Amino acid sequence: MRRFIPVIIAGWACLSPLQAQDKPVYLDETQSLEQRIDDALSRMTLDEKIAVIHAQSKFSSPGVKRLGFPDLWTDDGPHGVRPDVLWDEWEQAGQTNDSCVAFPALTCLAATWAPHLSRLYGESLGEEALYRGKHVMLGPGVNIFRTPLNGRNFEYMGEDPWLASRMVVPYVQGLQSKGVAACVKHYALNNDEEYRHQVNVIVSDRALHEIYLPAFKAAVQEGGAWSIMGAYNLYQGQHNCHNATMLNKILKHDWGFDGVVISDWGGCHDTDEAVVNGLDLEFGTWTDGLTMGATNAYDNYYLAAPYKKHIQQGRYTTRELDEKVRRVLRLFYRTTMRPYVPLPADSQRPRPVGFLCSESHYAAALQIAQEGIVLLKNSPIPSSPLREEPLPLLPLTVEKLKAFHEARISNEAPIPEPCSPTRSLLMAVGGANILVVGENAIKMMTVGGGSSSLKVQREILPLDGLARSLAGVWGSEVQLSYARGYVGDTVQSYNGVTVGRSLYDTRTASELLAEAVEKARQADVVIFVGGLNKSDGQDCEGHDRKQYGLPYGQDALITALAEANPRLVCVNISGNCVAMPWADKVPAIVQGWYLGSEAGSALASVLTGEVNPSGKLPFTWYADLSQCGAHATGSYPGTWRADHAIIDETYGEDIYVGYRWTDKERVKPLFAFGHGQSYTTFQIGHPVASSHAMTSVTPITITVPVTNTGERAGAEVVQLYVHAKRPAVDRPQKELKAFQKVYLQPGETRDVKLTIGIEALSFYDETIHDWQAEPGTYEALIGNASDNILQKMTFKWKE
Ligand code: BGC
């Protein structure tokens, strides 16, 4: 089918002027998009209209063959282009041409706090999708991180509506600049996975509009998203895939969304609600499309034969149907029919070109991973008897490794005085030796986790990335060894994708621990690479995590390693925060996320110091679950109704999600939202405002000088939070309203300009069902983490 289009284009190109006048309006690119849609709609039969609003296979829906509209192909999303599955099943088709580049998971992207990298992410993914013939990418996800137990947080952009909004817009724009539609998901309130089809969320209008909707709204209004995915869960007792308030009122009426609402796979449950409550395109209603029905089971979809029958029997006119088809046609023109959409004058080619696994995509994946890695902790430790100054454990430079080696050797055999011959003594006993411990150092993380699982052309594992450093920055003076430490999940394949390296190990937990501890005693530095993985009940779709603590006895292992060797770096791989009861026993902690194809290279570059870390946490890292509002209020996971059909989950913490909650409750999390260290130091200077009085039409711009006061290049994220002084309504202590990442050479100073307008002061007023700002005094709090405010500036707002 897809081959049909170039034939048509070529055909029209050869027409004589007279024949060109006969070109139907729907194919005439000189006509407006809406005129062409009207014309196409007027030519379509009832069957053709019904056909385009529901799936014909697991991931495709039909076009209109008679009129030359190709089929529409969707695919997951959001971290790379999922391998093809069989026509009617989730099972992988086993193609040999669908390996992809895996980009870092969206929590990592959010942790870059770099909207330009989000644009790069979207563009690169769009090129991979184009090559694979996919027209709609099922992503990005912007559900808010409400509880760290949510199995799908790794696919989202953190806890803060402003950060998620700024990061989602360029992703959508970048992807769609390639002619591939974003399908922003899961709209909305899909904030946990457990019982996702049955959870009925009860949330105040204020929390809905201030916390849970802004990123979706930004994706629609600023990003111009061409499609959106309804969520599985319920709101106001109605499933979100056909929810009158969510879809008709908020999305389509209030926000003016002109794209297509696609049901999450199997999220549609009722023909009447689907017809009238704003669903446009139904997907995934049954997992096995052919055997569930007598003929073609797709005919039995809620928006297929049952809907057609209702129309034929007069229950509905074609008013709703035409509206749905109009939206689907608009999506066709934006994607599959793209050559017919007028192109900007400066456009060089008729449509963007796809590339699969190109070096530029690997480069993008690497850069995003490097900038997203967060250095959570880096304490100084005694380095060597030859130096008085303790040094931060990271980065692990050759000089530092040698110093640690000296220290260890000298502990074992006292250093002779004076110390000058020590270095030669050192070399005599061999170079520095690094021990890597942990399953996540050798486990592929692009495989597993649910619908975002990928089949990659390559994935550099952390151990392999570190081993490559031996050929580069470390050289032959450093040796690397490995101990498993624990056995987690040894399953070798997921959805037909097999992981490269066998994880099978028959040793007992105590044997593994003993081996790791013994080797740690002999090592100059130990790098532990553990955390969660993509197995069910961890960072995985379908269920939530069962516990906040690390699985597989890792806490005991880390504690034992810290006792055996004080030079311990802990690299945590996860899309969520986890309990770290050992945090004060470990000098260096790195948050490694799910980093995609270049995971090992990115981690190694940060650990060795080749790259200076600049990621900042996109969520609050709680010491324990009692610090999180959803758990402190006892509102997660909700209460089952008597018939056990629905579980009501009242968001008891209301607008106080993440740092808004810890600020209010005055609890100190383990690591605050926005926190992330660097190998250099920065000074955030005195802010100067364009005015100290804001009005509804004049925003203020605050200029802040930032200086790199250290000895190496690095990047800092300047964060601006707004605090309302003496508000009449309940307000969070502070809310993020502007930020900018700035890249600085040693000694360099740059001015960062942060602009805020009335929106930054506004709250959602439930009495008027709209946003409004209170006149009064506000403070701009400026710092480099939500718990490290370095500058304050007061200003007023008058109506
Ligand atoms: C997930 C979606 C995904 C879809 C198709 C659903 O189970 O919730 O995020 O896009 O499957 O794989």
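A brief look at the structure comes next. Computed from a predicted structure; not experimentally measured. (Residues numbered from 1 in each chain as written. Predicted model: local features only at pLDDT ≥ 70, side-chain atom pairs only at ≥ 80, totals over all residues. Heavy atoms only, no water.)

A few points about the pattern of salt bridges
Okay, step 1: Applying the stated criterion to the full structure yields 51 salt bridges.
Okay, step 2: Linking Glu-515 and Arg-507 is a salt bridge whose minimum nitrogen-to-oxygen distance equals 3.3 Å.
Okay, step 3: With relative accessibility at 32%, the residue Arg-507 sits in the partly exposed group.
Okay, step 4: The partner of Glu-515 in a salt bridge is Lys-519, and the shortest N-O contact between them spans 3.6 Å. (Salt bridge = Lys/Arg side-chain N within 4 Å of Asp/Glu carboxyl O. Buried < 20%, exposed > 50% of the residue type's maximum accessible area, 1.4 Å probe, protein only.)

Looking at the sheet that holds strand 18 (residues 568-573)
Backbone hydrogen bonds are what pair the strands of a sheet, in a parallel or an antiparallel way.
Okay, step 1: The mixed open sheet is built from 6 strands, whose spatial order is 10-19-18-17-13-14. Only two strands of the sheet have a single partner each, and these edge strands are strand 10 (374-378) and strand 14 (478-483). Taking each pair of neighbouring strands and ignoring which way they run, the sheet shows an average axis angle of 20°.
Okay, step 2: Here 4 bridges tie strand 18 to strand 19 (residues 588-591), and the two strands are oriented parallel to one another. (Pairing = 2+ DSSP bridges. Helix = DSSP H or I, 4+ residues; strand = E, 2+ residues; numbered from the N terminus. Axes fitted to C-alpha atoms, helices over the stretch in contact; angles between N-to-C directions.)

Overview of helix 7 (residues 161-176)
Okay, step 1: Over its 16 residues, helix 7 extends 22 Å from the first C-alpha to the last, a length consistent with the 22 Å expected when each residue adds 1.5 Å.
Okay, step 2: Of all the 16 residues making up helix 7, 14 are buried; the element is thus mostly covered by neighbouring parts of the structure.
Okay, step 3: Where helix 7 begins, the capping side chain belongs to Asp-160, and its oxygen is found 2.9 Å from the backbone nitrogen of Trp-162. (Expected span 1.5 Å × (residues − 1). Polar contact = N/O pair within 3.5 Å; in protein donor to acceptor, adjacent residues only side chain to side chain.)

What about empty space enclosed by the protein?
Okay, step 1: Inspection of every chain in the model, using the stated rule, returns 6 cavities of 30 Å³ or more.
Okay, step 2: For the largest cavity, the lining is made up of 15 residues, of which Met-445, Glu-459, Pro-462, Ile-573 and Ala-599 are closest to its centre.
Okay, step 3: Partitioned by chemical class, the residues of the lining of the largest cavity number 10 nonpolar, 3 polar and 2 charged.
Okay, step 4: His-79, Phe-103, Met-445, Thr-446 and Lys-534 are the residues nearest the centre of the second largest cavity, which is lined by 13 residues in total.
Okay, step 5: Here the lining of the second largest cavity is composed, by residue class, of 8 nonpolar, 4 polar and 1 charged. (1 Å grid on protein atoms, 1.4 Å probe; cavity = no way out; pocket = protein on both sides within 12 Å on 5 of 7 lines; lining within 4 Å. Points joined across faces, edges and corners; volume = space filled by probe spheres on them. Nonpolar A, V, L, I, M, F, W, Y, C, P; charged D, E, K, R; others polar.)

As for the packing of aromatic side chains
Okay, step 1: If you walk through the whole model with that rule in mind, you get 28 aromatic pairs.
Okay, step 2: Arranged with centres 6.1 Å apart and planes meeting at 75°, the rings of Tyr-307 and Tyr-316 form a pair that is edge-to-face. Comparing Tyr-307 with Tyr-316 shows no difference in burial state: the two are buried.
Okay, step 3: Plain terms: the ring middles of Tyr-764 and Trp-771 are 5.9 Å apart, the flat faces sit at 85° to each other, and that makes the pair edge-to-face.
Okay, step 4: Tyr-764 gets classed as buried once you look at its relative accessible area, which sits at 7%. (Phe/Tyr/Trp six-rings, centres within 6.5 Å; stacked < 30°, edge-to-face > 60°.)

Describing the packing of helix 6 (residues 115-131) against helix 7
Okay, step 1: Axis separation between helix 6 and helix 7 bottoms out at 7 Å; the angle between their running directions is 30°. Looking at the two axes, helix 6 sits roughly parallel to helix 7. Remark: the crossing between helix 6 and helix 7 carries right-handed chirality. In this structure, helix 6 uses Pro-115, Ser-118, Arg-119, Tyr-121, Gly-122, Glu-123, Leu-125 and Gly-126 to contact helix 7, whose residues at the interface are Arg-166, Met-167, Pro-170, Tyr-171, Gln-173, Gly-174 and Leu-175. (Parallel < 35°, antiparallel > 145°, perpendicular 65-115°, else oblique. Left-handed = near helix turned anticlockwise from the far one by under 90°. Contact = heavy atoms within 4.5 Å.)

So, the layout of surface pockets
Any empty space left between atoms is shown by rolling a water-sized probe over those atoms.
Okay, step 1: Of the pockets and cavities examined, the largest pocket occupies roughly 910 Å³.
Okay, step 2: Taken together, 38 residues line the largest pocket, and the ones lying closest to its centre are His-209, Pro-214, Lys-217, Glu-759 and Trp-771.
Okay, step 3: Contributing elements (two or more residues each) for the lining of the largest pocket: helix 7, helix 8 (205-212), helix 9 (214-221), helix 10 (244-254), strand 27 (735-744), strand 28 (749-756) and strand 30 (770-772).
Okay, step 4: Looking at the lining of the largest pocket, its residues break down into 16 nonpolar, 10 polar and 12 charged.

Some details on the site of the ligand
Okay, step 1: Near the ligand there are 15 residues, and of these Asp-76, Arg-152, His-186, Tyr-232 and Asp-264 occur at the shortest range.
Okay, step 2: Within the side chain of His-186, a nitrogen or oxygen atom sits 2.7 Å from an oxygen atom of the ligand.
Okay, step 3: With respect to the ligand, the side chain of Glu-541 contributes an N or O atom lying 2.8 Å from an oxygen atom.
Okay, step 4: Taken by itself the ligand offers 310 Å² of open surface, and the protein chains cover 98% of this. (Near = heavy atom within 4 Å. Areas by Shrake-Rupley, 256 points an atom, 1.4 Å probe, with all protein chains shown as cover.)

Points about the sheet that holds strand 26 (residues 714-724)
Okay, step 1: Strand order across the open sheet formed by 5 strands is 24-32-31-26-27, with mixed pairing between neighbours. Lying at the two open borders of the sheet, with one neighbouring strand each, are strand 24 (693-694) and strand 27.
Okay, step 2: Bridging between strand 24 and strand 32 (residues 788-797) involves 2 bridges; their strand directions are parallel. Counted as the bridge partner of Ala-693 is Lys-796 from strand 32.

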